[in-house]
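So you can see what is in the structure, the chains are spelled out below.
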Amino acid sequence: MGMSSLKLLKYVLFFFNLLFWFCGCCILGFGIYLLIHNNFGVLFHNLPSLTLGNVLIIVGSIIMVVAFLGCMGSIKENKCLLMSFFVLLLIILLAEVTLAILLFVYEQKLNEYVAEGLMDSIQHYHSDNSTKAAWDSIQLFLQCCGVNGTSDWSGSPPASCPSDPLVKGCYAKARQWFHSNFLYIGIITICVCVIQVLGMSFALTLNCQIDKTSQALGL
């Protein structure tokens, strides 16, 4: 691999990470917007920080940091930054695999935990504006009512519930939505993992090529 190939690999890795840096900026900005406007609110009171806005801010920040290391490491041909980029991608990939395994192993316990958390949050609907916003958003989006149905609400269901008395609960609707979109979710997950592996491969290849070029030039 000559100098021309090194430059090509360097710029491919640079623009690859630049694109992801902009994606990270968009995700971070959207997360901040949701956090400020509190559109989705708090759904699980035992985990008050687990909101869509907070999750997007964390994901966006991680993408921006990793992509920045990849951009600077490739364009500056800095081995330290390239290896930091590689290690961070490896940690993220291992974390994703570990999370997938844990979700599969503890699926039943997770389902019970989510159902209990949703039932608990219904009790705070009229007393907490953020919980009210979260439930109204979910019920309008999924066209559902309560956790298991209209009977979950004491008194009359809120206005965000569909008028159909036989409407399904949001827990069943959410599971149905997940299973109906499982193929697309799987494809997106696989694509993300492939992109991460490619990024790691490019970083290692560029790192090795920098060593070879330095040796050839007697540096």
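Residues numbered from 1 in each chain as written. Predicted model: local features only at pLDDT ≥ 70, side-chain atom pairs only at ≥ 80, totals over all residues. Heavy atoms only, no water.

Taking an unreviewed UniProt entry as the reference, the protein chain is identified by name as Tetraspanin belonging to Propithecus coquereli. Here is the UniProt Sequence similarities (unreviewed entry) comment for the protein chain, exactly as written: "Belongs to the tetraspanin (TM4SF) family." Per UniProt, the comment on the protein chain under Subunit (unreviewed entry) is "Interacts with SCIMP. Interacts with CD45/PTPRC. Interacts with IL7R. Interacts with RBL2 and PPP2CA." (UniProt positions renumbered as here; feature names shortened; annotations may be inferred.)

> Even after reading the chapter, I still don't get the overall build of the protein chain, so can you show me in this structure?
For the protein chain, the count of helices and strands is seven helices and zero strands. Reading the secondary structure of the protein chain in the N-to-C direction produces α-α-α-α-α-α-α. The globule rule puts the C-alpha radius of gyration for 219 residues at 17 Å, and the 23 Å found for the protein chain is more than 25% above it. Principal-axis analysis of the C-alpha atoms gives the protein chain an extent of 80 × 35 × 25 Å. Within the protein chain, the fraction of its 219 residues that count as buried is 32%. Contacts spanning at least 24 positions in sequence make up 68% of the contacts within the protein chain whose residues lie at least 6 apart. (Helix = DSSP H or I, 4+ residues; strand = E, 2+ residues; numbered from the N terminus. Rg over C-alpha atoms; globule rule 2.2 N^0.38 Å. Buried < 20%, exposed > 50% of the residue type's maximum accessible area, 1.4 Å probe, protein only. Contact = heavy atoms within 4.5 Å.)

> Please clarify how the nonpolar core should be interpreted in this entry.
The tendency in soluble globular proteins is for nonpolar side chains to be buried as a group. Ranked by size, the top nonpolar core spans 16 residues in total, and within it Leu-43, Leu-118, Ile-122, Trp-135, Cys-145, Val-147 and Trp-153 carry the most contacts. Of all the secondary-structure elements, those providing two or more residues to this core are helix H4 (107-122), helix H5 (129-142) and helix H6 (170-180). Ranked by residue count, the leading element in this core is H5, at three residues. Apart from residues no more than four positions distant in its own chain, Cys-145 is found in contact with Gln-139, Thr-150, Trp-153, Pro-157, Cys-161, Pro-162, Val-167, Lys-168, Gly-169 and Cys-170. Of all hydrophobic cores here, the second largest spans 14 residues; its members include Leu-6, Leu-9, Leu-89 and Met-200. (Core = buried A, V, L, I, M, F, W, Y, C linked by side-chain atoms within 4.5 Å.)

> Please clarify how the UniProt feature "transmembrane region" (unreviewed entry) in the protein chain should be interpreted in this entry.
Here, UniProt's "transmembrane region" (unreviewed entry) annotation points to residues 12-36, 48-69, 81-106 and 182-206. The span residues 81-106 carries 96% helix and 0% strand; its end-to-end C-alpha distance comes to 37 Å.

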